[in-house]
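# Residue-level structural notes
One-letter residues, chain by chain:
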Amino acid sequence: MPTYEFHTLGCKVNQYESEAMEALLRQHGYREAAGEPADLYVINTCTVTHVSDRKSRQQIRRMKRENPDAVVAVVGCYSQVAPEAVEALDEVDVLMGTKGRAKLPELVEAFQQTGERQVLLTDLDQDRAFDALEISGGLETTRAAIKIQEGCDRYCTYCIIPYARGHIASRPLDDIVREAERLVQNGFKELVLTGIHVASYGKEERDASRRHDLLDVIEAVGRVAGVERIRLSSMEPRWVTPERLERLRAIPAFCPHFHLSLQSGSDRILEKMNRAYTTELYREKVAEIRRVFPEAGLTTDVIVGFPEETEADFRDTMDFCQEIGFSRMHIFPFSPREGTPAALFEGQVDPWVKKERARRLAEVEEALRYGFMDRAVGQVEEVLIEGGEEERREGYTRNYLRVAVPGDVSLVNTVQWVCIVAREGDVLKGEILEATQL
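Residues numbered from 1 in each chain as written. Predicted model: local features only at pLDDT ≥ 70, side-chain atom pairs only at ≥ 80, totals over all residues. Heavy atoms only, no water.

### Some thoughts on the packing of helix α11 (residues 279–292) against helix α12 (residues 311–324)
The geometry of α11 relative to α12 is characterised by a closest axis approach of 11 Å and an angle of 15 degrees between their N-to-C directions. With respect to each other, α11 and α12 are oriented roughly parallel. The crossing of α11 and α12 is right-handed. Side by side, α11 and α12 meet where Thr-279, Tyr-282, Arg-283, Val-286 and Arg-290 of the first sit next to Phe-320, Glu-323 and Ile-324 of the second. Partitioning the contact of α11 with α12 into residue classes produces four nonpolar, one polar and three charged. (Axes fitted to C-alpha atoms, helices over the stretch in contact; angles between N-to-C directions. Helix = DSSP H or I, 4+ residues; strand = E, 2+ residues; numbered from the N terminus. Parallel < 35°, antiparallel > 145°, perpendicular 65-115°, else oblique. Left-handed = near helix turned anticlockwise from the far one by under 90°. Contact = heavy atoms within 4.5 Å. Nonpolar A, V, L, I, M, F, W, Y, C, P; charged D, E, K, R; others polar.)

### Focus: the environment of Arg-337
On the secondary structure map, Arg-337 appears in the loop between β13 (328–333) and α13 (351–374). Its relative accessible area of 5% is what places Arg-337 among the buried residues. Between the alpha carbons of Arg-337 and Glu-311 there is a distance of 23 Å; along the sequence they are 26 residues apart. Among the polar contacts listed, one links the side chain of Arg-337 to the side chain of Asp-53, at a separation of 2.6 Å. (Buried < 20%, exposed > 50% of the residue type's maximum accessible area, 1.4 Å probe, protein only. Polar contact = N/O pair within 3.5 Å; in protein donor to acceptor, adjacent residues only side chain to side chain.)

### Notes on the packing of aromatic side chains
All told, the structure shown has twelve aromatic pairs when counted by the stated rule. Relative to Phe-293, the ring of Phe-254 has its centre 5.7 Å away and its plane inclined at 50 degrees; by these criteria the two rings are tilted. Taken as a pair, Phe-254 in the loop between α9 (242–249) and β11 (257–259) and Phe-293 in the loop between α11 and β12 (297–304) lie far apart in primary sequence, 39 residues in all. Taking the relative accessible area as the measure of exposure, Phe-254 reaches 2% and is therefore buried. Phe-293 sits in the buried class, given a relative accessible area of 6%. The interplanar angle of 70 degrees and the centroid separation of 5.2 Å between the aromatic rings of Phe-306 and Phe-334 together place this pair among those described as edge-to-face. Placement of Phe-306 in the loop between β12 and α12 and of Phe-334 in the loop between β13 and α13 is noted, with a sequence separation of 28 residues between them. Pairwise contacts between aromatic rings join Tyr-158, Phe-306, Phe-334 and Phe-345 into one cluster. (Phe/Tyr/Trp six-rings, centres within 6.5 Å; stacked < 30°, edge-to-face > 60°.)

### Some details on the side chain of Arg-229
Structurally, Arg-229 can be placed in strand β10 (residues 229–232). One polar contact links the side chain of Arg-229 to the main-chain carbonyl oxygen of Tyr-396, over a distance of 2.8 Å. Residues within four places of Arg-229 in sequence aside, it is in contact with Lys-189, Glu-190, Leu-191, Ala-253, Cys-255, Glu-382, Val-383, Leu-384, Tyr-396, Thr-397 and Arg-398.

Here is the structure:
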């Protein structure tokens, strides 16, 4: 039986798509290599930054060195936007972009039969359909992602993703519900609705009578028997409205954790980024969230060192982040991506300055993160136990705080009521409560 090994870079969408391709390979008689040299290596690439590109190339070369006789298949965003760079690598036997990944087994077989490199690259302007993939494997964790849409039409000036993923395409609602039902049957308790720009779900449908939006998806998945938790991936602030928040509050499985992309706390830089909102609008959306979900975890992404970002702009960002009080922040020094407008902007910031600003903002982030965690001490939280080792198990609260409790493997994939007693670094320490203590 031939073996495979996956190496996935980047976002939750990539992780979902790798799991789906693994399922396809298993259907075609493959098994996971499990530590031994594999017959097939699949590198699912990312191209968000130059670092992502470099890591993708390094993985490609490393896998061929590990087993020179193996087939190396390279798929994903880097292949889609820079096919010439990937084709220039002698180690690549199968090259695919971000569409048609269900054909992976077929292309691998064609290479094995002919010895000729197989290439499948799609014109994303022509192919606007949702690329149907499904995961249905056995229980490995307590949380599973469901890809509900792909593509983005926002065209932020720094972002390569619209060029890598194409136009908005939404997965049929019935398909989403069926996958949710299948995942629950396989033992998953928490489902994460993910996509390239989930707030755009359904927008491409011109027939209003047939159009569904993201809230319709959340409500439909929330009605699936056995779904205990629903989370969302990254959101645009403009999607948030009082009406939507009230409907979310009525969904018992919905977890109050919002990842609202910020990118900058300077209105001048937000405009240059083409983010289409201001700090005032963002502030209003956060206030609306906290009115309905006072305990909500609020996470975000921030880019530092965008072209023409001055020290004053950066201080505005630091001040705004402190004002909002994020529970966690992902901080990225600006990385110019060839093919995006921002790569050609004047006023590129010195790499050392970007690194220093990232360091300073990381200090703010740590203080905010620890402050949010400290406020949970003394509270009773619902924790879904996911894993751990020996006599210590870990899981997450509904608002996405990591909690460790004493216990053995029997706790995994159970929901426990936990009293938070202390914070130890990035983990909260808790004690499981008995039913009589609630």
